[in-house]
Each structure stands twice: as structure tokens, then as C-alpha cells.
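Okay, here's what each chain looks like letter by letter:
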Amino acid sequence: MLDIQSLSFHYQKGKSLFDNLNLEIETGKIYGLLGLNGAGKTTLLKLMGGTLLPKRGTILLEGMNVSLRSSEVLEQIYMIPEDFNLPSIKITQCVTANARFYPHFDQKYFKKLLDDFELSPSSTIQSLSYGQKKKFLIAFGIATNVPLLLLDEPTNGLDIPSKSQFRKAMVEAVSNRRTFLISTHQVRDLSSMMDQVVMIDQGKIIFNQPVSRISSVLGFGQIPNDTTEFLYSEESLVGRQGIFKNCDGESSVDFELLFNALLHNSTLINNCFKTEINENV
Amino acid sequence: MLNKKSIVITASSLTGVLVALCLLNTWAGNHVFSVDYFVLQAKLFFVIPGFVFTSVIFKEISSFANGWSYFILPANRIEKMVAYWLLTTVVYIIFSLSILIISSLIISGLVSLLFEPTFFVFNPLNFQFQELIVHYLVLQSVYFLGAISFQRNHFFITTLFVLLVLGFLVLFSILGFRLIFGDWSIFLNADTVSPEFFEQIKLWIKVIYYGLLAPFFLLMSYLRFKEKEI
């Protein structure tokens, strides 16, 4: 669906953020885009959304160049940023003005999502809190029915019931023609809904695997002190937690542990996936 | 910037200043309302706010938080730019001329009330104003480019830039004449050059000013807009 080929980007000359980055986003999945602060997650989303332009390389959405910002491409993308200012008008006015640009916008679905998020269509946007504004944007983004929805830290500012509403809405909305790409630090908030994990570090994709494969290849849990057969371990409040090669079927993925392990030694973790392929062959 | 409240406040303030200036002038001028004074002020109140408005038209899209929704809106780049151009030309001209007509009626009423009976309605379709609108459309394109090109203080930087370019053009023209004619006599004695030559020069300047300047700056604006990132 989205194909990033040999992407290079920098804000300042000589300080390259992405150099020859390649990534393929498949349709029908919820992607979690992880990385440290300053790793380039938001920049990558902006490049995918066409608000930034690559210095080299291309970003193709269904074969169309995103950087050209044609209406045909922009009809297929909606982006929910972390920081935003919205106009001082009513929700209904904002929707009337913007929804007409999205050919598959679903008014009924939008109203249902507003109900779920406990927002009134007659509210003035400026009178809403940050979290409520974000819920309005999430509802609008989902209701556009665009094939690619980009979300930057969507759960920041959401209260606990709204987070679960958000997860429910996302899982209901994803289909085999829609893809959601979520950049986040709040992995615990979103771990249950992610289909694939992409991790960026120092401008490179250091990990890109489906959650189903992660859970079948890696095991997560407590590690006895006398054991040395693990890929990564760290002390936690409940003892020593670690990642090891999984031999007992599917396990539940601890994304925070995986994140730390990848930062520590991504080659070691990635090798497990290569080994698994070789073993299967 | 473009919300109803700020438009109403700005328009009311400018109308208030214009009314006050005309009343003061009437008071100072033996209590006789001067139409010429109103027209002179109306020209300034039409052109300068227009350039300022044009200069800040892209301010909203200069930061990501303000401009993201505009950038991701499914419309072509040319459509987005034309929308801003229409807003700062056609919509602005109609709106500001309407304000000037209303101002003239308010001034008439107040002058009649305070000084002597007067009835004056500003006619924006007179030749003087039509010519001014054409000049506005030409020069506005420069401020339009400035609005896209500069990060802040768009109006002042563009005005400075225009003055510098004009200074350069004057210098370039003087030096050009000096090179073509070999001496400075053309400036001292215009009779040495045929009137046809001057006519020809005037024609070229008119063609460049009325026909090429605005399209050139709008094209440059589009090229800058194409590369705009937030």
C-alpha cells in the first residue's frame, strides 16, 4: 500500500535524519511505530502525510507519489498530529467544511463515534479540552474512511475510559482496505491492538515484525537468577524480566521489554527471526 | 486570523479611524466636508490594509500546529494557492469597498449632525478607484510572494525588499542609459531623443507592469508554495 524507497531526509544539511530508508506498509493492519524521542517518528509521519518533502527517494501510496500532494493522494490519507490548533467554530461547522473533501466520509459513523466519545456535535471546538479535541480528531479521522490513517501519539491526553474507547474504535474500523499507523511511546495503551511493530532508531528501521511472529519467536517473562539462556534481561519491581527464544507456542508480548531489548541489541533480536526462517526451511 | 471576530474588530477599528479623521478634517476646514480628503484617505485605507492582509495570509500555515489541516486537505496545490489569492484580491476588494461605502454614509450622517447638511456616498466605480484597484492587483502579487517567502515581519520585509528592488532598477536604468547613449545628456536635455523612443519605452514599461509583473510574482509564489514544508 505505502512504499518508502531510498528515503533521505534532513532538517539541517550535514545532519541526516533518514538516509536511504526503505519501508513497506501493508494494507489491513494496525502498525505501531516505536522509537526514542528524536528518533524521527513524527518526521516519518509528516513525510508520509506530505507535509514534509523527502530530500531523496520516494514515498508511494498505491503507486502515487505522496510528495506531489495531489488531491488524489491526499484523499487517501488523514493525519492526526500530537500538537494541533483547531479553528474556533462548532464541530458540525468544521465537519461540514472538511468532510466534503473526503469522498467516503461516513456521517453516521462519525456521529456514532462522537457519541462513544461523549462529545456533542454542537460544541464549539475551542471550548473543548485537549483530550476532547483529540477525540474529535480521532472520530473525524476514522470517519473519513481513508485507506491510510496516521496517528501521532493518539492516546496522549485521553482519559482512561477514552483510551479503551479509542482502542475499540480502531479495532472496529480497521479493515482489509484500511491501515492505521500509530506513532507512540505509550506501548502499554496500544499493545493489544497492534498487528505489526516497526521500530526506528537513529534514522533506521531496526525492527519490523508482525506481533503474531514476535509472540511465536520470542518469549517474555520472569527469568531465574541462575539462568543464562536469555536474549535480554532487566531488573523490574517484580524481579528479573527477560526475553528468550520461545519454544512453547505463542506468548504474550511485553512491548516495553522488547523496546528496551531492541535498543540494547537489535541484531541479536533480529537474528532470532532469521534463525526461525532458516529452521523452517 | 480569519475568524469572524477578528475581521469585525479590524474592520470596525479602521472604519472608526477613517470616520474620526474625516470629522477632524471637516472641523479644521471651516466645517465643510472635503470629498477629496475622504477619497485620499479611502485610497490609503484600501491599499495598506490590503497589503498587510496579503502579507499575513500564509501566517497560519507557517507552523505545523496551525497549518497541518490545510496541508493534508485533499485539494491540489494550485487550488489551495488560488483560494488564498482570491481571498486577498476579489474577496478583499469587495469587502473593503463595501466598508468604504458604509464609512462614507456614516461620515455624511455625522457631518450633517455636527456641522452642516451633507450627503455623500462613496462611488468605488469611479475611474480613479478602478485604476487604484489595478495597481493594487499588480503590487499585491509582490506581497503575496513575500507572504510565502519570509518567515516573519512579512509586510515590513516585503516593503523593504520592494524599495531595494526599485532603487536597484532606477540605478540600473540610469547606468543603462549612460551605456547606450554614452553621456548623461539624455537627463539634461530630453530633446536629444525622439518622442517615439520615449513612447516606445513607456509602452514597454506598461506591458511589463500591467501584463507581466503580477503573473511573474504569482508564478514565483506558486513555485515557493510547492516546496513549502511544515
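To be clear, the structure that these remarks concern was listed above.
Please read these numbers as outputs of a predicted model, since none were measured by experiment.

Some points on the overall build of chain B
Right, so step 1: Counting secondary structure elements, chain B contains eight helices and zero strands.
Right, so step 2: Counted from the first residue to the last, chain B has its helices and strands arranged as α-α-α-α-α-α-α-α.
Right, so step 3: Whereas a compact globule of 230 residues would reach a radius of gyration of roughly 17 Å, chain B reaches 22 Å, over 25% beyond that.
Right, so step 4: Its C-alpha atoms give chain B principal-axis dimensions of roughly 65 × 55 × 25 Å.
Right, so step 5: Of all 230 residues assigned to chain B, the portion counted as buried reaches 36%.
Right, so step 6: Taking all contacts inside chain B whose residues are at least 6 apart in sequence as the whole, residues at least 24 apart take part in 73%.
Right, so step 7: A gap of 15 Å separates the mean positions of the 13 positive and 11 negative side-chain charges of chain B.

A short note on the nonpolar core
Right, so step 1: Judged by nonpolar contacts, the single largest core of 109 residues is most densely connected at Leu2, Leu44, Tyr78, Phe110 and Phe136 of chain A together with Phe46 and Phe58 of chain B.
Right, so step 2: Within the second largest apolar cluster, 25 residues are counted, among which are Val197, Ile206, Val211 and Phe255 of chain A.

Considering the layout of surface pockets
Residue and element names in this part refer to chain B.
Right, so step 1: Volume-wise, the second largest pocket comes out at about 1000 Å³.
Right, so step 2: Lining the second largest pocket are 25 residues, with Leu166, Leu169, Ser173, Ile205 and Ile208 positioned closest to its centre.
Right, so step 3: In terms of residue count, the dominant contributor to the lining of the second largest pocket is helix α6 (residues 154-181) (twelve residues).
Right, so step 4: Looking at side-chain class alone, the lining of the second largest pocket contains 22 nonpolar, three polar and no charged residues.

Re empty space enclosed by the protein
The gaps of empty space that remain are located by a probe, the size of a water molecule, rolled over the atoms.
Right, so step 1: This model, assessed by the stated rule, comprises one cavity of 30 Å³ or more.
Right, so step 2: Volume-wise, the largest cavity comes out at about 40 Å³.
Right, so step 3: In terms of lining, the largest cavity is formed by Arg69 of chain A together with Tyr70, Phe71, Arg77, Lys80 and Phe225 of chain B.
Right, so step 4: Put simply, the parts of the chain that give the lining of the largest cavity at least two residues each are α3 (64-72) and α4 (77-114) of chain B.
Right, so step 5: When its residues are assigned to classes, the lining of the largest cavity shows three nonpolar, no polar and three charged.

Rules used in this analysis
All residue numbers refer to positions counted from 1 along the written sequence of the respective chain. Chains and ligands are labelled sequentially in the order written, the chains with letters from A and the ligands with numbers from 1. Under the rules for a predicted model, residues below a pLDDT of 70 receive no local features and side-chain atom pairs below 80 are neither given nor counted, while totals for whole chains, interfaces and linings still include all residues. By convention in this description, side-chain values take in all heavy atoms of the structure and omit both hydrogens and water. The way it works is that DSSP assigns letters per residue, a run of H or I at least four long becomes a helix, a run of E at least two long becomes a strand, and they are numbered from the N terminus. Here the radius of gyration uses the C-alpha set of atoms, whereas the globule reference equals 2.2 Å times the residue count to the power 0.38. Residue exposure (1.4 Å probe, protein chains only): buried if accessible area is under 20% of the type maximum, exposed if over 50%, otherwise partly exposed. Two residues qualify as a contact provided that any one of their heavy atoms is within 4.5 Å of a heavy atom in the partner residue. Charged residues are defined here as Lys and Arg on the positive side and Asp and Glu on the negative side; His and the ends of the chain fall outside this count. One atom stands in for each charge, and that atom is NZ of Lys, CZ of Arg, CG of Asp or CD of Glu. Residues grouped as a nonpolar core are buried Ala, Val, Leu, Ile, Met, Phe, Trp, Tyr and Cys residues, joined through side-chain atoms within 4.5 Å. Method remark: on a 1 Å grid restricted to protein atoms, a set of points is classed as a cavity if a 1.4 Å probe fits but cannot get out and as a pocket if it is open with protein on both sides within 12 Å along at least five of seven lines; lining residues have an atom within 4 Å of a point. Grid points are joined across faces, edges and corners, and a volume is the space filled by probe spheres set on the points. Charged means Asp, Glu, Lys or Arg here, nonpolar means Ala, Val, Leu, Ile, Met, Phe, Trp, Tyr, Cys or Pro, and polar covers whatever is left, Gly included.

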